Structure formats: structure tokens, C-alpha cells
Amino acid sequence: MQQCDTLILPGWCIPVEPDSQVLTDHAVAIDDGRIVDVLPARTARQTYKPGSVIDRPGHVLIPGLINAHTHAAMTLFRGFADDLPLERWLRERIWPVEKRWVSAEMVRDGTRHAIAEMLLGGTTCFSDQYFFPEIVAETAAAMHVRAMVGTPVINFPTPWANSASDCLARGTDLVHDRYAEHALISSCFAPHSVDTVSDAGFAELRIMADQLDVRVQIHLHESQAEIAASLKSTGLRPLERLSALGLVNSSLLVVHGVHLDAAEISQLSAARVSIAHCPRSNLKLASGIAPIARYVTGGINISLGTDGAASNNALDLFDEMKTAALLAKAIAQDATVVPAALALRMATMGGATALGLADNVGSIEKGKWADLTCVDLQHFRSLPLYDPLSQLVYAAGSQQVCDVWVAGRHLVENAELTQVDRNEVLARTSEWQRRIASRTAEKRNEQQR
Ligand SMILES: [Zn+2]
């Protein structure tokens, strides 16, 4: 008998690699944080002597979901500004409230809330883009979740840094150097959008990203207004400008990519650029509907993101998988595109590839980190059960997540957080709500006087 830390025995296991496979009565053995075996349950019981056995009949085990784009701390601004177009939402509501409230304390509390929420919804890894990235990294590491922490790069002064150069230097010192060898935390540069960084800033960013061998994520071709503004100020479409600056390569993660023409789709595919598709944020801000089936046919790797809770308003990959599949079918007028297996792939392997983590996470394979999510399918909304893969994407919801492991650590058990005091996190959120709401009311009164 071989020793292992944990043996999970789910009713079904969807490993994602190989594609579309649903294993019945299989076991996953975990040791030292990694998956050491995927094998028939009966053989597993005869082969392994586990420290603990997690028996989950009627449940499906999937790779932990990967949120390829969010702004975790913005969870504290959830519902603060709704029903506005992107430009007005940003300039009239979000940037002013950020200017007033963003601090290390706010980022820590907002990120803790977001991580707790994501874990309970089956997400084990997120790609973040926000001020005080060193606090995001520290918080994610302390809560034992996987994160790619993006250093924001913006020309003008923010509560965190004074210029694009300042952002780059701080990101390198405070995030990259400190976590270069960390098992859970990686870093990237995250220029907000093309209109917030100058050509000189992008040139400096490119040199540093190449030197450090880190990825670059940017909101790009999110709205027609963004493309029109770029054409007006530079004569170039945003992607054209990034390309001229040498930034279109396999390290680039295009966030949104809602509006891409045929030549741009070919360009991204040839350069092996990934897209973080955020369908619900695009719908809410009326940015448009990305023709995802065309991107898939064109050979672009697609990952899924929630964007921040201020523009979604959830951090729920189950919502995104379902919305991505349904929208892709509607816009292509073809019900066969983005089937359930592909939607799940986008939320797992697609995300791992986009974040440069495909060798380590994204599927249930021997040797990868045990980042896993177990979903209860014995639920009104997913019964009867003819096809677990189909039920998972089209019928199940995040409230059916039963267990979550990150690098083998059991962070959610029976739908409860094992290592985070939920009341303490929610009390901090209430305190922020009180502060932000009272200041907003005060300001409104001043304006009316
Ligand atoms: Zn975003």
C-alpha cells in the first residue's frame, strides 16, 4: 500500500484533459499538494493508504475554476454605480470613489471578501488588476489561493503611485521580487488601457516585462468608444498601437476583446495571445457581445473572467460559463458552438493557459497541483441527471459547490470556509459600506445646499 495525504472519491470526475471525458467511479489521490494519481475507485482503495478519505457520491469533481480577470478589492464597490455606460460609469462614479477610498486597508478588506466569495463558488485561482498589488499578493498568499497579481500601470498619479515608471518600479520590488519563487503567487504588469499609458510608458513596460519574463494584461477593444478615441488621438486602433510598440506576443492577455475584425483575430491567433472573455461585464456595461465562436475557430485561447464586482455584480464562474456558452450560440446563430465541454475548458485550462500556468493547473492530471472543486449534483436544479458535464454548465450554480482544495489544502468543506472567519470578513465589509455610503450622502447634501 502506498501512502498519500488524501483520496477523493466523487461520483464523477471531469478531468478536462482529455477533452470531454467524464470518468465514473474514479478516485483522485493527492500527496504533498499535488495530484499523484487518477484511477478507478476500486483500484485506488487497494493501492493507497490515505491520511483522509473524502467520499462524495452524487458529486462531480472538476479542476478548480480560474477567474482570468477581476479587480478583487472592487468588491467593496459592488452596487455602488449601476445602469451607466462604461465611460460615464468610470469617470463619474468609479474613479472619484476610488480616489477618495482606495488604501492598503481597503484593498486588504475588499480582496479578503472577494477571495472568500470566489472560494465558496469553486474558484481556486484569479488574475487581479488593482492598486496596492503587494497587499493583494500578501492577502492571497495568506488565504492560500492561487493568484496572478497584476501591477497597475497608469501615467497619472493614483492613491498608489505617481507615474507609469513609479508603478513599474514598485511592481517589480513589491510584487515580482518578493514572490518570484512562490508556489501560489505570480505577477504581471497590468496597464489599465491604451489611453492611460503613453508610448514611452509602454516602451519601458515592454523592456521590464521581457527582462522579468512576466505577462502583460490590458483592457483592450472593450468598447467601440475606446477604439474611436484611440483612432482620434493616435490614428491607430488600440491593438495596432500595441503591436507597433512590440507588445503583441504570447505573453499578452487581452481583457475583453469584444470588438476585433478578421485581421485582428488572425493576428492574435498567430501571436498566441489569449483573451479573457468577461461576458457578463460586457453585457452590463453594454460594451457589446464578443463573437467567441469566431475567435475559437480562429485559434485563439479563450479564458473567462468576471471583471470586478462593480461591473458584474458577481464573482461567479458558473454564471460566466453559462453566459459565455449561451451568448456565443446566439451571436453565431448556431446552437452547436461553445458546447458545455468547451465552456468548462475556458474556465479551467483556458484560464491556466492565459495565465502561463498550464503545466501546473487547469486539469486533473497526475503531477499538477491539486486545485480542485467538488460540486453537488443531487440538487433540484441539476436533477434528473443524464449528463454531468451538461448539468454542470447549463443547470448547476455556484451554491452547489461542496468542497474546494488549493494545492491540496481543503479550503471549503461541506460548503463552508475552513480557514477564514466569514463573520469577521463580512463585518469589515459592513464597516466599509457604512463609511462609503455616509460620505456619499454627505456629499450629496453639500451639493444640494
Ligand atoms: Zn477589468
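Above this text is the structure in question.
Residues numbered from 1 in each chain as written. Predicted model: local features only at pLDDT ≥ 70, side-chain atom pairs only at ≥ 80, totals over all residues. Heavy atoms only, no water.

## What to know about helix 9 (residues 262-270)
Part 1 of the reasoning: Listed as buried for helix 9 are Glu264, Ile265 and Leu268. Buried residues of helix 9 fall within an arc of 105 degrees about the axis and therefore sit on the same side. Exposed residues on helix 9 whose side chains face more than 90 degrees from its buried face are Ala263 and Ala270.
Part 2 of the reasoning: Residue Asp261 occupies the N-cap position of helix 9, its side-chain oxygen lying 3.2 Å from the main-chain nitrogen of Ala263.
Part 3 of the reasoning: Phi turns positive, to about 55 degrees, at Arg272, one or two residues after helix 9. (Buried < 20%, exposed > 50% of the residue type's maximum accessible area, 1.4 Å probe, protein only. Helix = DSSP H or I, 4+ residues; strand = E, 2+ residues; numbered from the N terminus. Arc of directions from axis to C-beta. Polar contact = N/O pair within 3.5 Å; in protein donor to acceptor, adjacent residues only side chain to side chain.)

## Points about the packing of helix 2 (residues 86-101) against helix 15 (residues 422-448)
Part 1 of the reasoning: At a closest axis distance of 12 Å, the pairing of helix 2 and helix 15 adopts a crossing angle of 115 degrees. In the crossing of helix 2 with helix 15, the sense of the turn from one axis to the other is right-handed. Here helix 2 contributes Val97, Arg100 and Trp101 to the contact with helix 15, which in turn contributes Trp432, Arg435, Ile436 and Arg439.
Part 2 of the reasoning: Classifying every residue of the contact of helix 2 with helix 15 gives four nonpolar, no polar and three charged. (Axes fitted to C-alpha atoms, helices over the stretch in contact; angles between N-to-C directions. Left-handed = near helix turned anticlockwise from the far one by under 90°. Contact = heavy atoms within 4.5 Å. Nonpolar A, V, L, I, M, F, W, Y, C, P; charged D, E, K, R; others polar.)

## Notes on the pairing of strand 8 (residues 146-153)
Part 1 of the reasoning: With eight of its eight residues buried, strand 8 lies for the most part within the structure.
Part 2 of the reasoning: Side chains Arg146, Met148, Gly150 and Pro152 project from strand 8 onto one buried face, and the interleaved Ala147, Val149, Thr151 and Val153 project onto a second face that is buried too.
Part 3 of the reasoning: Taking the sense of rotation as the criterion, the β-α-β connection linking strand 7 (residues 123-129), helix 4 (residues 133-142) and strand 8 turns out right-handed.
Part 4 of the reasoning: When strand 8 meets strand 9 (residues 185-191), the two strands line up parallel, connected through seven bridges. If you follow Ala147 over to strand 9, its bridge partner there is Ile185.
Part 5 of the reasoning: Tracing the backbone out of strand 8, into helix 5 (residues 164-179) and back to the parallel element strand 9 gives a crossover that is right-handed. (Right-handed = clockwise from strand over helix to strand, strands pointing away. Pairing = 2+ DSSP bridges.)

## Comments concerning the sheet that holds strand 7
Hydrogen bonds along the backbone pair up the strands of a sheet, which may run parallel or antiparallel.
Part 1 of the reasoning: As summarised here, the arrangement of the eight strands in space is 6-7-8-9-10-11-12-13, forming an open sheet in which the pairing is parallel. Either end of the sheet is taken by a strand with one partner, and the two such strands are strand 6 (65-70) and strand 13 (301-304). This sheet shows a mean twist of 25 degrees between the axes of neighbouring strands, independent of strand direction.
Part 2 of the reasoning: The pairing of strand 10 (residues 215-220) with strand 11 (residues 252-256) spans five bridges and is parallel. Each bridged residue has a counterpart across the sheet, and for Leu220 the counterpart in strand 11 is His256.
Part 3 of the reasoning: The strands touched by helix 4 within the sheet are strand 7, strand 8 and strand 9, with strand 8 carrying the most contacts at an inclination of about 175 degrees.
Part 4 of the reasoning: The sheet contacts of helix 6 (residues 199-212) involve strand 8, strand 9 and strand 10, and relative to strand 9 the element is tilted by about 165 degrees.

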